[in-house]
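# Understanding the architecture of this molecule
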Amino acid sequence: MMKEIDKNKAVLVTGGSGYLASWIVKLLLEAGCQVHTTVRNQADPQKYGHLLRLAEQYPGKLCFFEANLLDEGAFDSAMSGCEVVIHTASPFKIAGIKDPQKELVEPALTGVRNVFASVGRCETVKRVVLTSSIVAVYGDAVERVQTEKGIFNEGHWNATSSVAHQPYSYSKTVAEKEAWQIAAEQSRWDLAVINPGLILGPSLSSRTDSTSISLMRQLASGRFRMGVPAGKQAFVDVRDVAQAHLLAAFSPRAGGRHIAVAHHQDFLDVAQVIKTAYPQLPLPSGYLPGWLFRLVGPLLGYSRKFIRRNIGYDLLFDNSRIRQNLGISFRPFNETVLNHIAQLKNDGLLKRA
Ligand code: NAP
């Protein structure tokens, strides 16, 4: 049985300025919680102006702290008095990476070590919710053929990514493994993990650096007009993933991993939904043939190995555990996609992608 959580005690959300974490902060405030959150640089309010506005809306309920994943002890003061820690901050980049060890693996792993070391020192903490990913469940889409019924579940682990191949996936895998190992060494607090698929849905800020947002901007701004790669992806709404974190924070049945995937669709399905409401956008209307992707993929930064092991394969996940254990239901795919495009359009972010 997991520890009982007092909802009147403060909750810490790491990296509150991020795309997903901002929604977690908002939902916690709406639920009446006292929220602590960390930002990397408090002197850069540009990155978290939307949270400052939320703080004004909920006077005295949201406190800011500065913390970098790489700094030992950086999360101590933010955690003081909290029963729940939601650790979401971790770099999410899949393109334009020059030094994967430094840009991805180190902050993800050192971040878990530092946050969990603070948890070890902070006697009030009873539960940690970690944002992992489906990329800690599988390495390359081709691995699906080795699974029972071709579907990944919480029992699977990514065993094939490395610093050289799929470094973001590797960073999430080593970070989640480290978290489970630290959790097993003690009994004061429980660990619950959320493993989201590709997150889409409206952002609370007009930042464009989260990969989810840049991907949607590119899709709706003509970058894939020639076509999209075939193969089903695993999508989920940012608001549903945030809700899953709240359920994991307070539910007595939240232990273990939870795959947060709502819909299996390909990028052409996303484009077709956008087209129903925004037919004037320069959307793709077909698939990029495999031979053409193999030809141009390396020029776009995709390795031959990545293309061989991922393009054209469907990614399928079993989401029954999160639905049964946390009682979550997912919003329709159309709503996620259309709300996301509407936000990008309202924030003037579609033309410059
Ligand atoms: P995001 O908007 O880029 O958020 C990343 C957050 O991590 C930001 O708050 C960022 O801080 C923080 N961060 C990065 N490096 C840091 C460092 N050295 N010190 C302190 N903070 C640091 O991306 P997101 O999509 O919300 O991702 C949030 C989490 O969800 C990540 O753990 C990611 O792996 C996971 N996830 C995302 C998806 C998806 O499709 N988006 C899917 C599965 C899992 P700044 O605001 O200062 O940059």
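The present account deals with the structure reproduced in this document. The structure displayed is predicted, hence computed values, not measured ones.

### Observations regarding helix α6 (residues 211-220)
- Most of α6 sits out of view: 7 of its 10 residues are buried.
- Of all the positions in α6, only Thr211, Ser212, Ile213, Met216, Arg217, Leu219 and Ala220 are classed as buried.
- Those residues of α6 hidden inside the fold are in contact with α1 (19-30), β7 (198-200), α8 (267-277) and α12 (333-346).
- Within two residues after α6, Gly222 carries a phi angle of roughly 100°, on the positive side.

### Quick notes on the sheet that holds strand β2 (residues 35-39)
- Here 7 strands make up an open sheet; going across it, the order is β3-β2-β1-β4-β5-β6-β9 and the pairing parallel. Of all the strands in the sheet, the pair left with one neighbour each is β3 (62-66) and β9 (256-260). With strand direction ignored, the average angle separating the axes of adjacent strands in the sheet is 20°.
- With 3 bridges connecting them, strand β1 (residues 10-13) and β2 associate as parallel partners. The residue of β2 that forms the bridge with Val11 is Val35.
- Each of β1, β2, β3, β4 (82-87) and β5 (127-131) is contacted by α1, which is oriented at about 170° to β1, the strand it contacts most.

### Thoughts on α8
- Every buried residue belonging to α8 is among Phe267, Leu268, Asp269, Val270, Ala271, Val273 and Ile274, and all of these are buried.
- In this fold, the buried residues of α8 make contact with β7, α6, β8 (233-237), β10 (263-265) and α12.
- Between the side-chain oxygen at the start of α8 and the backbone nitrogen of Leu268 there is a gap of 2.9 Å, and the oxygen is on Asp266.

### Regarding the sheet that holds β7
- Strand order across the open sheet formed by 3 strands is β7-β8-β10, with mixed pairing between neighbours. With one partner strand each, in any of the chains shown, β7 and β10 form the two edges of the open sheet. Put simply, the sheet's adjacent strands are angled 45° from each other on average, direction ignored.

Rules and cut-offs
- Residues numbered from 1 in each chain as written.
- Predicted model: local features only at pLDDT ≥ 70, side-chain atom pairs only at ≥ 80, totals over all residues.
- Heavy atoms only, no water.
- Buried < 20%, exposed > 50% of the residue type's maximum accessible area, 1.4 Å probe, protein only.
- Helix = DSSP H or I, 4+ residues; strand = E, 2+ residues; numbered from the N terminus.
- Contact = heavy atoms within 4.5 Å.
- Pairing = 2+ DSSP bridges.
- Axes fitted to C-alpha atoms, helices over the stretch in contact; angles between N-to-C directions.
- Polar contact = N/O pair within 3.5 Å; in protein donor to acceptor, adjacent residues only side chain to side chain.

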